[in-house]
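Chain and residue survey
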2 protein chains.
Amino acid sequence: MIELDFPKQGGLVTAVAQDADTGDVLMVAYMNEEAWRHTLATGKATYWSRSRSKLWVKGESSGNTQEVKEICVDCDDDTVLLKVVQHGGAACHEGYRSCFFRKVSGEELEVVGERLFDPKEVYGK
Amino acid sequence: MIELDFPKQGGLVTAVAQDADTGDVLMVAYMNEEAWRHTLATGKATYWSRSRSKLWVKGESSGNTQEVKEICVDCDDDTVLLKVVQHGGAACHEGYRSCFFRKVSGEELEVVGERLFDPKEVYGK
């Protein structure tokens, strides 16, 4: 079992999910030790939802799971990089491939990502 | 001025630095509002050092500055993605190109990154 530095950030490590093929950064989330163990055991990216205070197997609602191909750990043991296959195409709950679908353009944020699904149809809200 | 959600994480947003050319994820750090404004104003990646509790213009000690080419903001406004040119080649204080120089290999971490400098020679410790 690979030990990470969970105490440093109050029980959580930061997790970056990157598309294993294109290198696009898809999202950033957090893992507690249970989520880390679940990710290692299942090969499905699993996070700790800070807003819902529960284990979050990514894609359990939307079907957009993340199949983990490789995991790298940073020099401080407090951040992990998951190289994933993003099933369903979209990592973002707003229907975009990446959560980073807006870029800074002068004083504004410009939408640069393509919307792959309508969140109302997937989450019914 | 683009407003981020600093209150959500106690005054900090998470920042991922990605090589603008190769797509390699180089490091993850944190920004307070001052660091964010400094990054926008100067085009040099600037973080808040949590360990030293001070503004941290990346590379001010080592010369390995990060020239920001593009900034994306995530759907929650609490994480930014910086696409950078990593001057000096190495983002990691341990002398590797990326802080994510170790990958999970069974029960172990295997070093997969190439060391570009000896930290003792750069930081004198």
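Heads up: the structure comes first, above all this text.
Predicted model only: the values in this text are computed from it and were never measured.

**Structural notes on unusual backbone geometry**
Phi is positive for Ser53 of chain A, close to 50°, though the residue is something other than glycine. Along the chain, Ser53 of chain A turns up in the loop between strand E3 (46-49) and strand E4 (54-57). The phi torsion at Asp77 of chain B lies on the positive side, around 60°, for a residue other than glycine. For Asp77 of chain B, a relative accessible area of 25% translates into the label partly exposed.

**Describing the relation of the copies chain B and chain A**
Overlaying chain B on chain A yields an RMSD of 0.0 Å, the required transformation being a rotation through 180° with an accompanying axial translation of 0.0 Å. Taken together, these values place the two copies in the relation of a two-fold axis. For chain B, the smallest separation between a C-alpha atom and the rotation axis is recorded for Gly23 of chain B, amounting to 2.7 Å. In this assembly, 100% of the residues forming the interface of chain B have copies in chain A that are likewise at the interface, indicating an isologous arrangement.

**Some details on the pairing of strand E6 (residues 79-86) of chain A**
All names here are of chain A. Buried residues dominate E6, accounting for six of its eight residues. Summarising the sheet, strand E1 (residues 13-19) and E6 pair through six bridges and their orientation is parallel. Its bridge partner being in E6, Thr14 is matched across the sheet by Thr79. Where strand E5 (residues 66-73) and E6 come together, seven bridges link them in antiparallel fashion. If you follow Ile71 over to E6, its bridge partner there is Leu82.

**Some thoughts on the environment of Gln66 of chain B**
Residue and element names in this part refer to chain B. Within the element layout of this structure, Gln66 appears in strand E5 (residues 66-73). In this structure the C-alpha to C-alpha distance between Gln66 and Thr46, which are 20 residues apart in sequence, comes to 8.5 Å. Within the local environment of Gln66, its side chain forms a polar contact with the side chain of Tyr47, the two groups lying 2.7 Å apart.

**Considering the packing of aromatic side chains**
Going through the model one piece at a time under the given rule, you end up with four aromatic pairs over all chains. Ring geometry for Tyr47 of chain B versus Trp56 of chain B: centroids 5.3 Å apart, planes at 50°, classification tilted. Sitting over the face of the ring of Phe101 of chain A, Arg102 of chain A holds its NZ or CZ atom 5.7 Å from the ring centroid.

**With respect to helix H1 (residues 33-42) of chain B**
Turning to H1 of chain B, its buried residues number three or more, namely Ala35, Trp36 and Thr39 of chain B. Taken around the axis of H1 of chain B, the buried residues stretch over an arc of 100°, which confines them to a single face. Packed against the buried residues of H1 of chain B are strand E7 (102-105) of chain A together with strand E2 (25-31), strand E3 (46-49), strand E4 (54-57), E5 and strand E6 (79-86) of chain B. Following H1 of chain B by one or two positions, Gly43 of chain B adopts a phi angle in the positive range, close to 75°.

**Description of the environment of Gly95 of chain A**
All names here are of chain A. Looking at the secondary structure, you find Gly95 in the loop between E6 and E7. Its relative accessible area of 0% is what places Gly95 among the buried residues. C-alpha separation for the pair Gly95 and Asp118, spaced 23 residues apart in sequence, amounts to 5.8 Å. Excluding residues within four positions of it along the chain, Gly95 makes contact with Ala90, Glu114, Arg115, Leu116 and Phe117.

Reading the values: rules and limits
- Residues numbered from 1 in each chain as written.
- Chains lettered and ligands numbered in written order.
- Predicted model: local features only at pLDDT ≥ 70, side-chain atom pairs only at ≥ 80, totals over all residues.
- Heavy atoms only, no water.
- Helix = DSSP H or I, 4+ residues; strand = E, 2+ residues; numbered from the N terminus.
- Buried < 20%, exposed > 50% of the residue type's maximum accessible area, 1.4 Å probe, protein only.
- Least-squares fit on C-alpha atoms with pLDDT ≥ 70 in both.
- Contact = heavy atoms within 4.5 Å.
- Pairing = 2+ DSSP bridges.
- Polar contact = N/O pair within 3.5 Å; in protein donor to acceptor, adjacent residues only side chain to side chain.
- Phe/Tyr/Trp six-rings, centres within 6.5 Å; stacked < 30°, edge-to-face > 60°.
- Lys NZ or Arg CZ within 6 Å of the ring centre and 35° of its normal.
- Arc of directions from axis to C-beta.

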